[in-house]
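Tertiary structure, described
Take a look at the letters that make up each chain.
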Amino acid sequence: MPDDRSSPPPPPLRILTGPPMASFTLHGIPVSRGIAIGRAHLLAPAALDVKHYLIPEEHLEAEVLRLQEALAAVHRELQTLWNELPKDAPTELGAFIDVHALILSDPLISEAPLDIIRARHYNAEWALLTQIDELSAQFDEIEDPYLRERKADIQQVAERVLKVLMGSEPLPVQGELDIDDFQAQMIVVAHDISPADMLKFRDRSFIGFITDVGGQNSHTAIVARSLDIPAAVGMSQASMLIEQDDWVIIDGDAGVVIANPSVLVLQQYRERQLAQQRARKKLNKLKKTAAVTRDGTTITLLANIELPEDTAAAMEAGANGVGLFRSEFLFMGRDARIPSEDEQFEQYKKAVVAMKGRPVTIRTLDIGADKPLDQTEHTALNPALGLRAIRYCLAEPQIFLSQLRAILRASAFGKVRILIPMLAHAFEIDQSLAMIEQAKGQLRDAGVKYDQGVEVGAMIEIPAAALSLPMFVKRMNFLSIGTNDLIQYTLAIDRVDYEVAHLYNPLHPAVLQLIAMTISAGHKAGIDVAVCGEMAGDVKLTRLLLGMGLREFSMHPAQLLSVKQEILNSDLGLIMPQTRKILRAMEPDVIADAVHALQQL
Ligand code: PEP
Ligand code: MG
């Protein structure tokens, strides 16, 4: 390969340093409470496909070597390609390999990522992508279209290196990493993060999340809440305006992000952060206290979990059980490979055993809409109205049966309840129950144990279901109201779309009527009714739900103690008459004021 540099040098690189930026504030949608103060880490969509982890000090040089070896391997690969070029190959082909070889040996690719590994402790793949993102952004600013197009070449070279890296053995990273404050204070800024990708961050050292898009009750937001990390979504241009390593404050309660704050603002937020930490400590004292209203009514507080490991937080918060195990998270982020019956059984059993006899409500696969099984598959025109949840399961009976058998097998190890999502039709209920019987029969034939009295419940999350409750209470052992979808479908508001997020209103009279009707129909039929949507964890709505007669709340473990505190301070005798008035009201202002007044009682 010729040695001379045939393409002009790319613009100078900016890592870690840069001119101080002016402070600016962005307003979006609050999704997860608390205040986070840290450095921005910009995440490009492609970066989500590679592993992100921090390398301990003692392994840094080995990680540097891993990247150097991958770079050398790609160099050899290009050399081989060059040598094997047929004599009659078009000249552009040779030039193309030349450009890639030059890019590869440029210090911006061959050295800068090594510095990132050493300075930020990123693993090799992450360091390389961080540098490529930085370079790509610089190329976007170039006016010359020819030069701007070289960005694609850089990305192709990076892809070659990544391919080699992904095939090479990553370093074993064990236990807690001893990373300094700077590393541990990173806030992810991205255009969007899928729920499955969000879940990948659970053990990482990120302290907050900001995304350009997303709604308050998108599953990405729900996972952020379950991680109990401050987050704000629907921030519009955040990933364009905020720069790598900028200082950022997330006010997760207000949905506000402040970039490059002044020292004074920083100080004010640190004080608020400390006050919140003190308040949380105080709440911890309620862990063992039963949730009983002032006038003596006991309320059941359950936990929503995504993975069996979340049961630790549920037990820690003193939950009475699991009211919603979103089993689809076991199916997501696996390149569409469905977990086997045995794999699922192990996971369900893990959760059941961890809850030590407390009930575990396992919701059958609720795949689809913003939780696609395969990220690359987006064929439905309206995924939220498409083949999701029970519709998918009834269309894929083998997948459904295998999940049902796995859940039933876990029922031999503790109290399990089965919850079916997105039901609207009587035949869907009947078919689901028939398949549960079929799964039981298969287990019986195989001599496998399960709890014969396992209860089956329905999610009430489609208005049609809330308007045909006799059909449900006749067939089901319990109901659980999925307010997230119930609001979405009642108001025709996509819960993921930030452009209509302002219309997503839990206090819309139609929504309140449907919830109240469901609670009362369940009680009349003598079956339990829970709310497992996000409304159950919102302390501003605790008294309203109590007043509607709700006695079972299911929420993220992190919200449980605040809700318990509200219950302990509530008097049903005062709340009920006020709630009846709210349910008769039709004017939004009247409802909002009355709900606010409930909190003052
Ligand atoms: C709901 O819709 O309220 C619910 C609990 O289910 P999900 O948020 O997973 O759709
Ligand atoms: Mg739902």
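Residues take numbers from 1 onward in each chain, read along the sequence in its written order. Key to labels: chains lettered from A, ligands numbered from 1, both in the order written. The predicted origin of the model limits local features to residues at a pLDDT of at least 70 and limits the giving and counting of side-chain atom pairs to 80 or more, whereas totals for whole chains, interfaces and linings rest on all residues. With hydrogens and water stripped out, all remaining heavy atoms of the structure feed into the side-chain values.

A word on the overall build of the chain
Test applied: For helices the rule is a DSSP run of H or I covering at least 4 residues; for strands it is a run of E covering at least 2, with both sets numbered from the N terminus onward. Buried, partly exposed and exposed residues are distinguished by accessible area as a fraction of the type maximum, computed with a 1.4 Å probe on protein chains only: under 20%, between the cut-offs, and over 50%, respectively. By the convention used here, residues are in contact when the closest approach between their heavy atoms is within 4.5 Å. Using a 1.4 Å probe, accessible areas were evaluated by the Shrake-Rupley method; residue-level cover was limited to the displayed protein chains.
Scanning the chain for helices and strands turns up 24 helices and 16 strands. Out of the 601 residues in the chain, the part that is buried amounts to 53%. By sequence separation, contacts in the chain at least 24 residues apart represent 72% of the contacts at least 6 residues apart. Of the roughly 26,500 Å² that the chain leaves accessible, carbon and sulfur atoms contribute 54%.

Quick word on the side chain of T483
By secondary structure assignment, the location of T483 is in helix α19 (residues 483-491). Judged by its relative accessible area of 1%, T483 is buried.

Focus: the UniProt feature "binding site: Mg(2+)" (unreviewed entry) in the chain
Put simply, the rule is: UniProt positions are given in the numbering used here, feature names are shortened, and annotations may be inferred rather than shown by experiment. The method works on a 1 Å grid over the protein atoms by themselves. A cavity is a set of points holding a 1.4 Å probe that cannot get out, a pocket is an open set with protein on both sides within 12 Å along at least five of seven lines, and residues with an atom within 4 Å of a point line them. In protein, a polar contact means a hydrogen-donor-capable atom and an acceptor-capable atom, both N or O and within 3.5 Å, with residues adjacent in sequence counting only if both atoms are side-chain atoms; elsewhere, any N or O pair within 3.5 Å suffices.
The UniProt entry lists E461 and D485 under the feature "binding site: Mg(2+)" (unreviewed entry), expressed in the numbering used here. In three dimensions, the annotated residues from a span of 25 residues occupy one location, with a maximal C-alpha spread of 5.3 Å. Residues that both appear in the annotated list above and line the second largest cavity are E461 and D485. Relative to the assigned elements, E461 resides in the loop between β13 (455-460) and α17 (463-466). When its relative accessible area of 1% is taken as the criterion, E461 is described as buried. When sequence neighbours within four positions are dropped, the list of residues in contact with E461 reads P421, M422, G482, D485, L486 and Y489. Polar side-chain contacts of E461 include one of 2.8 Å to the backbone nitrogen of M422. Here D485 is to be found in helix α19. Exposure remark for D485: the relative accessible area of 2% places this residue in the buried category.

Some words on the UniProt feature "binding site: phosphoenolpyruvate" (unreviewed entry) in the chain
Per the UniProt entry, the sites bearing "binding site: phosphoenolpyruvate" (unreviewed entry) are R326, R363, N484, D485 and R495 in this numbering. When the annotated set is filtered for residues lining the second largest cavity, what remains is R326, R363, N484, D485 and R495. Looking at the secondary structure, you find R363 in strand β11 (residues 360-363). Discounting chain neighbours no more than four positions away, the residues touching R363 are L324, F325, R326, S327, E328, K371, Q403, L419, P421 and M459. Looking at D485, its side chain comes within polar contact range of the side chain of R388, at 3.3 Å.

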